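# Coordinate analysis (summary)
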Amino acid sequence: MTFPASPSSPSPAAPHAPGLFVAFEGGDGAGKSTQARLLAEALRAEGREVLLTREPGGTEIGEKLRGLVLEHGHGEIDPRTEALIFAAARAAHVAQAIRPALARGAVVITDRYIGSSIVYQGIARGLGADDVRGLNEWATEGLWPDVTVVLDLDAGAGRARRTAGDAAEDRLESEPDAFHRSVRDAFLGLARSHPASYLVLDAARPPQALAADVLAQVRAALPASSPAGGGRP
């Protein structure tokens, strides 16, 4: 199968009124799950419907694929297979969870989305950013977030966070520091190339300060309508 040619920058978000789609991106250990949860809590407190989800995951098949690609013990997974597994999980995620929630007027908040595949498989694994972008645009039928937050953190600090206490690293987290440095550089490169598409925040800052910045950005992007299913005018 031939995938459509990819533009040099993320495509405009496909129409999905009346909801809002927010994605958190960044290296492992940057605090994406924490910030996604804090944003969800703040918006729910304002009376908005929120779908808080993650990738890979968010659906029954997505969670099974998550275990397959992230857990140790499944044998060798070459980069191309890895990219296809992530894209398959994302296709199910969009079709079964994200688009229906957006159609209801919900705010969808996901921990990782297409940007992670572009960075991890396209750039850090060397498969090619445009090829991986095209694969995922096909898998999602061109659905891009309205707001993408990149949490930036030094690779060494990210590993220290991931391994604090008795925490164990998954298959991707356990890659060497050089890999995680390339991931960080790739996220920053995407943001520099397309500043209108990414909000980059210093993830070494206190979580509540980060959360305030994220909430301000999301509020500015929300439609001027009533919460909890209002919709775009």
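Residues numbered from 1 in each chain as written. Predicted model: local features only at pLDDT ≥ 70, side-chain atom pairs only at ≥ 80, totals over all residues. Heavy atoms only, no water.

### Looking at helix α5 (residues 129-140)
For an α-helix, 3.6 residues make a turn, and residues three or four places apart therefore share a direction. Taking 1.5 Å of rise per residue, 12 residues should cover 16 Å, and α5 covers 16 Å from first to last C-alpha, within 8% of that figure. Among all positions in α5, only Val 132, Arg 133, Gly 134, Leu 135, Asn 136, Glu 137, Ala 139 and Thr 140 are buried. Residues of α5 that are buried sit in contact with α3 (79-103), α4 (114-124) and α7 (177-193). After α5 finishes, the residue Glu 141 shows a positive phi value of roughly 55°. (Helix = DSSP H or I, 4+ residues; strand = E, 2+ residues; numbered from the N terminus. Expected span 1.5 Å × (residues − 1). Buried < 20%, exposed > 50% of the residue type's maximum accessible area, 1.4 Å probe, protein only. Contact = heavy atoms within 4.5 Å.)

### Topic: the nonpolar core
In terms of nonpolar packing, the biggest core is built from 31 residues, with Phe 21, Ile 98, Tyr 113, Val 119, Tyr 120 and Leu 143 touching the most fellow members. For this core, the elements supplying multiple residues, two or more each, are β1 (20-26), α2 (60-70), α3, α4 and α7. In terms of residue count, α3 provides more of this core than any other element does, seven residues in total. Counting 23 residues, the second largest nonpolar core, distinct from the first, contains Leu 153, Leu 199, Leu 201 and Leu 222. (Core = buried A, V, L, I, M, F, W, Y, C linked by side-chain atoms within 4.5 Å.)

### Notes on the packing of aromatic side chains
Tallying each qualifying case throughout the model produces three aromatic pairs. Seen from their ring centres, Phe 21 and Tyr 113 are 4.9 Å apart, and the 80° between their planes marks the pair as edge-to-face. Residue Phe 21 is located in strand β1, and its partner Tyr 113 is located in the loop between β3 (107-111) and α4; the two are separated by 92 residues in the primary sequence. Ring centres of Tyr 120 and Phe 187 lie 6.4 Å apart, and the angle between their planes is 70°; this geometry places the pair in the edge-to-face category. Taken as a pair, Tyr 120 in helix α4 and Phe 187 in helix α7 lie far apart in primary sequence, 67 residues in all. For the pair shown, Tyr 120 and Phe 187 are each scored as buried. Grouped by ring-pair contacts, the aromatic residues Tyr 120, Phe 179 and Phe 187 constitute a single cluster. (Phe/Tyr/Trp six-rings, centres within 6.5 Å; stacked < 30°, edge-to-face > 60°.)

### Details of the pattern of salt bridges
This structure, assessed with the given rule, holds 12 salt bridges. In this structure, Asp 152 engages Arg 184 in a salt bridge whose closest nitrogen and oxygen atoms are separated by 2.7 Å. Placement of Asp 152 in strand β4 (residues 147-152) and of Arg 184 in helix α7 is noted, with a sequence separation of 32 residues between them. With relative accessibility at 27%, the residue Arg 184 sits in the partly exposed group. Among the salt bridges present, the one from Asp 213 reaches Arg 205, with a minimum N-O distance of 2.8 Å. Note on Asp 213: relative accessible area 32%, which makes it partly exposed. We classify Arg 205 as partly exposed; its relative accessible area is 29%. What emerges from the salt-bridge pattern is a single network uniting Asp 152, Asp 154 and Arg 184. (Salt bridge = Lys/Arg side-chain N within 4 Å of Asp/Glu carboxyl O.)

### As for the UniProt feature "binding site: ATP" (unreviewed entry) in the protein
UniProt annotation of "binding site: ATP" (unreviewed entry) refers to Gly 26, Gly 27, Asp 28, Gly 29, Ala 30, Gly 31, Lys 32 and Ser 33 when read in the numbering used here. Within this annotated set, the largest pocket is lined by Asp 28, Gly 29, Ala 30, Gly 31, Lys 32 and Ser 33. Summarising the element assignment, Asp 28 is placed in the loop between β1 and α1 (32-45). If we ignore the near neighbours within four places in the chain, the residues touching Asp 28 are Arg 112, Tyr 120, Gly 158, Arg 162, Glu 173 and His 180. (UniProt positions renumbered as here; feature names shortened; annotations may be inferred. 1 Å grid on protein atoms, 1.4 Å probe; cavity = no way out; pocket = protein on both sides within 12 Å on 5 of 7 lines; lining within 4 Å.)

### What to know about unusual backbone geometry
In this structure, Pro 56 follows Glu 55 across a cis peptide bond, with omega equal to -15°. By the secondary structure assignment, Pro 56 is in the loop between β2 (50-54) and α2. The phi angle at Arg 112 is positive, at roughly 85°, despite the residue not being glycine. Take Arg 112: it is sitting in the loop between β3 and α4. By relative accessible area, Arg 112 is classed as buried at 11%. Within the chain, Glu 141 stands out as a residue other than glycine whose phi angle is a positive 55°.

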